[in-house]
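# Breakdown of the fold
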Amino acid sequence: QVQLVESGGGLVQPGGSLRLSCATAGVIFSVTNMCWYRQPPGKQRELVAVYTGGGNVNYADSVKGRFTISRDNAKNTVYLQMNSLNADDTAVYYCYAKPRFDPLGRDYWGQGTQVTVSS
């Protein structure tokens, strides 16, 4: 059974930092594309960052230069380091996994972790 478990969310002041973690189980992590999405209050879910199993990284324009996605294949974990946070970063952050070679094309979501940026 596949599990994605996020942690690291919370309340932070503007300009502060947080690091989110997403621990996975049940996927071959090294060949799984990992993403972070977020859903601000009252808005659609949006892609924040991607780290493919092949090593490619990409970011939404709104977080470039402030957020860094990384992965530890030995720990089956993906991270999102978030710096210079502002109120627009307030959202529920979700981890997403897309195995590259799943013949059924399945994908998986974590339960989400709340990030609130407020003074």
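Each disulfide is one covalent bond, formed between the sulfur atoms of two cysteines. The full count for this structure, using the stated rule, is one disulfide. Disulfide pairing is shown between C22 and C95; the S-S distance is 2.1 Å. On the sign convention where negative is left-handed, the bridge of C22 and C95, at about -80° about the S-S bond, is left-handed. Taken together, the residues C22 in strand β3 (residues 18–25) and C95 in strand β9 (residues 91–99) connect sequence positions 73 residues apart. By the burial criterion, C22 is buried, and C95 matches it.

So, about the pairing of strand β11 (residues 113–117). Of the two faces of β11, the one holding T113, V115 and V117 is buried and the one holding Q114 and T116 is not buried anywhere. Relative to β11, strand β2 (residues 10–12) runs parallel, the two being bridged by three bridges. Residue pairing in the sheet places V12 in a bridge with V117 of β11. Two strands pair when backbone bridges link them, and β9 and β11 are joined in this way by three bridges, in the antiparallel orientation. Note that in β11 the partner of V92 across the bridge is Q114.

With that settled, the discussion passes to the packing of aromatic side chains. For any two aromatic rings, the description comes down to two numbers: the centre-to-centre distance and the angle of the planes. A full pass over the atoms with the stated rule returns four aromatic pairs. With a centroid separation of 4.8 Å and 55° between ring planes, the pair formed by Y96 and W109 is classed as tilted. With Y96 in strand β9 and W109 in strand β10 (residues 108–109), the pair connects residues that are 13 residues apart, well separated along the chain. Connected via pairs of aromatic rings, a cluster forms that spans Y37, Y94, Y96 and W109. Positioned above the aromatic ring of Y94 is the side chain of R45, whose terminal nitrogen or guanidinium carbon lies 3.7 Å from the ring centre.

Each value, and the rule that gives it
Residues numbered from 1 in each chain as written. Predicted model: local features only at pLDDT ≥ 70, side-chain atom pairs only at ≥ 80, totals over all residues. Heavy atoms only, no water. Disulfide = S-S within 2.5 Å. Helix = DSSP H or I, 4+ residues; strand = E, 2+ residues; numbered from the N terminus. Buried < 20%, exposed > 50% of the residue type's maximum accessible area, 1.4 Å probe, protein only. Pairing = 2+ DSSP bridges. Phe/Tyr/Trp six-rings, centres within 6.5 Å; stacked < 30°, edge-to-face > 60°. Lys NZ or Arg CZ within 6 Å of the ring centre and 35° of its normal.

Shape descriptors only; they carry no functional weight alone.
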